[in-house]
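Descriptive structure summary
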Amino acid sequence: MKIVVPFKSVPDPYAGPGAAAKSVVNPFDEIAIEEALRIRERGEATEIVGVTIGPATVDEQIRSALAMGVDRALRIDDSRALDPYAVARILRALVAKEAPQLVLMGKQAVDDDSNQVGQMLAGLLGWPQATFISKIEFLENKTRAQCTRETDGGLEVIVVNLPAIVTTDLRLNEPRYVSLPGLMKARKKPIEVLTCEQLGVTVQPLTTTLSTARPPKRAAGTRVESVEELMVKLKQEAKVL
Amino acid sequence: MDFSWSDQQRELLDAVDRFAKEQLAYDMIENDRHAVFNHDAWMKCAGFGIHGLLVSEEYGGLGQDPITTVAALERLGYGCKDNGLLFSINAHMWTAIIPLVYNGSEAQKKKFLPGLCDGSIIGGNAMSEPNSGSDAFSLATTAVKKGDKYILNGSKIFVTNGPIADVLLVFAVTDKSKGASGLSAFLVEKDSPGLDLTHKIEKMGVRTSPMGEVFFTDCEVPAENLLGKEGAGSWLFTRSMTWERGCILAASVGTMQRLFETCIRYANERKQGGQAIGKFQQVAGKIVDMKMRIENSRHMLYQCAWAAGHRKAIYLEAAMAKLQISESWVKCCEDAIQIHGGYGYMVEYEVERELRDAIGSKLYSGTSEIQRNIIASLIGL
Ligand SMILES: Cc1cc2nc3c(=O)[nH]c(=O)nc-3n(C[C@H](O)[C@H](O)[C@H](O)COP(=O)(O)OP(=O)(O)OC[C@H]3O[C@@H](n4cnc5c(N)ncnc54)[C@H](O)[C@@H]3O)c2cc1C
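A quick note: this is a predicted structure, and the numbers were derived from the prediction, not measured.

Residue and element names in this part refer to chain B. Taken together, the neighbourhood of the ligand is formed by 20 residues, with G133, S134, T160, T367 and E369 sitting nearest. Broken down by secondary-structure element, the contributors of at least two residues to the shell around the ligand are β1 (123-126), β3 (149-160) and α12 (368-378). Along the lines of polarity and charge, the residues of the shell around the ligand split into 9 nonpolar, 10 polar and 1 charged. Formed jointly, the shell around the ligand draws a minimum of three residues from each of two domains, domain 2 (124-232) and domain 3 (249-378).

Here it is, written out as structure tokens:
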């Protein structure tokens, strides 16, 4: 079985305030990579192909993915800010090129929280989808996958025919760390760079970002001396009582 | 000398930073109190690639050069507060792996190096004896050849990793009449008949690094475990000791850097007399001196590793780096306690432990006095 894992480079969500934001592999995608590695280690997959879209600067995150154990990587050279539909269309062309039995990807990217690419990709390909999974097992000689989904109401177990799109939730696994031997092996693994033209897709963003704004600054709180004073303030100033 | 990092080195060092921060940031107070060796962290570090940094790939290592290796250890010291674990790793690398890399036969390297790199074999070095410390070659432990074995008798003291070791590099007298040229080195495996590794020694600092006494009672060592030639022990010791001196305190430079940053934060936060204590000249001066010591230490460490990587003799550089870093480390820790006031003296603040951990560095791998002797003799005194 061949697994394609699309991943996105995002600003490090764990960087402290004021720290220069380094880019990292989107944490949900890291979980997808980890799951693909575990599937391969169980002997159920033979090849893991990582794919990403971005300029050469994302090669650093590609190397992290390769260092974790992804076999090879493809980068679509495009530095535009693409919306989910454009990303899904590019990925559709890549899936057509690679013909995997499974596409494993994060349920969303932590920078824009769109949570749409997996679903759109499944729609474009006409493939089944299992989203927000916390467990995956293969059935019937790997022709189907049984996935446990985390929903608001509880756990839902579904079976999808392969090939399918599967998106990962937080509790699926804990990704391994990049080891130095992995890093050194990654230097020898190929990164293939393609353009949208070479893939035969033209994408235009359907959405435009008009403006971005910081959340309003919160005024500093005040200390009150007594419960009575608090009640007065809640009634008269905050007007919440 | 150019100490700027290539992209590959930077990538490697960033990975060490991240690894230390994410995998080695465990609580230390209890482990220190109860002298707990963290075997899980040992295996993590080995799996991550630390132990084998300097070993070539064919024996399971990463084939890095000395300067990348010491810089990686420095990052590890910055991110990991378990100075004892780092000391155990360093003893393993510089006093067991290095002698094997340079003096091991092909068979010995094949047998031990892959396990020493992946962490499954723990190594150590047994030179010091109750009556042989700074005067290192005045050993009493003997090794007598009998057929295809050597029979060892005697005892060793202060053996780092001794109680947990799978293999120890042991120095013993094979020919008393030849003095220093009558010493030989043996790879003694833990299950050797007549070997007793069970005597633990409790110490002031680096408490999470196990240390023990080792006893040999007609201890049988196969002749093929002789490292180098018979009589080559003192030469071999001097060679590996030079590496040890130059590099064993690499992590401490990172430790000092972390301590320095802690002090800056504290000096900016703590207010007395209506101002941050960092605004008092005497407090600021201590932190400035700390910065000077750290930069000097790092420079000497890199200079030594750079020279070693360029196959230059490093006797002088190694002794200077050892002296500079150990004395800086102790002084930084003392100053850090002073800056933290009473809090610095309390266990909870985790500064006092740093001082206890640092003090041993003026003793092992040759005391400060011995380093000064070496430097004096090399500069013509
Ligand atoms: C934490 C720690 C870990 C250690 N790990 C190991 C290990 O793994 N393997 C191992 O074999 N040993 C190890 N040692 C032992 C260490 O190498 C010795 O403690 C050290 O060499 C000093 O020897 P000594 O303790 O016998 O002191 P001594 O040699 O008795 O020295 C006592 C004092 O006299 C001074 N002195 C001695 N000779 C001279 C001289 N010629 N000129 C001026 N001053 C002199 C010394 O500097 C010191 O101040 C370790 C020690 C420590 C503290």
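All right, on to the domain arrangement of chain B then. Interface size is often expressed as the accessible area that is lost when the parts come together. Residues and elements named next belong to chain B. Segmentation of chain B into domains returns domain 1 (7-122), domain 2 (124-232) and domain 3 (249-378). For domain 1 and domain 3, the distance between their C-alpha centroids amounts to 22 Å. Elements represented by at least two residues in the side of domain 1 that touches domain 3 include exactly α2 (29-33), α4 (66-79) and α5 (83-103). Tallying contributions element by element places α4 first for the side of domain 1 that touches domain 3, with 9 residues.

In this model, L162 of chain A is joined to P163 of chain A through a cis peptide bond whose omega is 5°. Notably, K142 of chain A is not glycine yet its phi reads approximately 60°, a positive angle. Structurally, K142 of chain A is set in the loop between β7 (129-139) and β8 (144-151). Residues other than glycine seldom take positive phi values, yet D218 of chain B does so here, at roughly 45°. On the secondary structure map, D218 of chain B appears in strand β7 (residues 211-222).

Residue and element names in this part refer to chain A. As defined by bridge partners, β7 adjoins β8 across 6 bridges and the pair is classed as antiparallel. Looking across to β8, one finds that I136 is bridged to C147. What sits between the antiparallel neighbours β7 and β8 is a turn of 4 residues, in which E140 has the positive phi angle 45°. The pairing of β8 with strand β9 (residues 154-161) spans 8 bridges and is classified as antiparallel. Pairing of T151 across the sheet is with G154, part of β9. The loop that links β8 with its antiparallel partner β9 comprises 2 residues.

Let us look at the pairing of strand β6 (residues 102-106) of chain A. All names here are of chain A. Counting buried residues in β6 gives 5 out of 5 residues, a clear majority hidden from the surface. By the bridge criterion, 2 bridges tie strand β1 (residues 2-6) to β6 in an arrangement that is parallel. In the strand pairing of β6, I3 is matched with L102. Here 5 bridges tie β6 to strand β10 (residues 164-168), and the two strands are oriented parallel to one another. Residue pairing for β10: M105 is matched across the bridge by T167.

Residue and element names in this part refer to chain B. Viewed as axis vectors pointing N to C, helix α10 (residues 315-345) and α12 meet at an angle of 145°, and their least axial separation amounts to 9 Å. Seen from above, α10 lies across α12 with left-handed handedness. Only S368, Q371, R372, I374, I375 and L378 of α12 make contact with α10, whose side of the interface consists of Y315, L316, A319, M320, K322, L323, S326 and E327. By residue class, the composition of the contact of α10 with α12 is 8 nonpolar, 3 polar and 3 charged.

The next point concerns the interface of chain B and chain A. At the junction of the two partners, chain B supplies 10 residues and chain A supplies 7 residues. Where the side of chain B that touches chain A is concerned, the elements lending two or more residues are α1 (7-23) and α3 (39-48) of chain B. In terms of residues, the side of chain B that touches chain A owes the most to one element, α1 of chain B, which gives 6 residues. The residue makeup of the side of chain B that touches chain A, split by class, is 5 nonpolar, 3 polar and 2 charged.

Residues and elements named next belong to chain A. Taking strand neighbours across the sheet as the criterion, the 9 strands line up as β9-β8-β7-β10-β6-β1-β4-β5-β11 in an open arrangement whose pairing is mixed. Lying at the two open borders of the sheet, with one neighbouring strand each, are β9 and β11 (191-194). On average, adjacent strands in this sheet sit at an angle of 30° to one another, irrespective of strand direction. Across 5 bridges, the pairing between β1 and strand β4 (residues 47-53) is parallel. The residue of β4 that forms the bridge with I3 is I48. Across the sheet, helix α1 (residues 27-41) touches β1, β4, β6, β7 and β10, and the angle it forms with β6 is around 145°. Packed onto the sheet, helix α2 (residues 59-68) meets β4, β5 (72-76) and β11 and runs at close to 160° relative to β5.

All names here are of chain B. Across its 20 residues, helix α8 (residues 250-269) extends 30 Å between first and last C-alpha, which sits within 8% of the 28 Å expected from 1.5 Å per residue. Restricting attention to buried positions, one finds in α8 the residues A250, A251, S252, V253, G254, T255, M256, Q257, L259, C263 and Y266. Residues of α8 that are buried make contact with α4, α5, α7 (233-247), α9 (281-309), α10 and α11 (352-359).

Conventions and cut-offs
Here, residues in each chain are numbered from 1, in the same order as that chain's written sequence. The lettering of chains begins at A and the numbering of ligands begins at 1, in the order of writing. Where totals are concerned, whole chains, interfaces and linings use all residues; where local detail is concerned, this predicted model gives features only for residues with pLDDT of at least 70, and gives and counts side-chain atom pairs only at 80 or more. As used in this record, a residue near a molecule or strand is one whose C-beta atom, placed from the backbone, is within 6 Å of it. A run of H or I in DSSP counts as a helix once it spans at least four residues, and a run of E counts as a strand once it spans at least two, with each numbered from the N terminus. Gly is put with the polar residues, along with every residue not named as nonpolar or charged; the nonpolar set is Ala, Val, Leu, Ile, Met, Phe, Trp, Tyr, Cys and Pro, and the charged set is Asp, Glu, Lys and Arg. Segment limits for the domains were obtained from an automatic or database-derived domain assignment. Here, a strand pair is defined by DSSP locating no fewer than two bridges between the strands. Field definition: a residue is buried when 20 or more other C-beta atoms are found within 10 Å of its C-beta, exposed when 12 or fewer are, and partly exposed for counts in between, with C-beta atoms placed from the backbone. Axis lines are fitted through C-alpha atoms, for helices just across the contact stretch, and the angle between N-to-C directions can take any value from 0 to 180 degrees. Rotating anticlockwise by less than a right angle from the far helix to the near helix defines a left-handed crossing, while the corresponding clockwise rotation defines a right-handed one. Contacts are defined on C-beta atoms placed from the backbone: any two residues whose C-beta positions lie within 7 Å are in contact. The span you would expect from a helix comes to 1.5 Å times its residue count less one.

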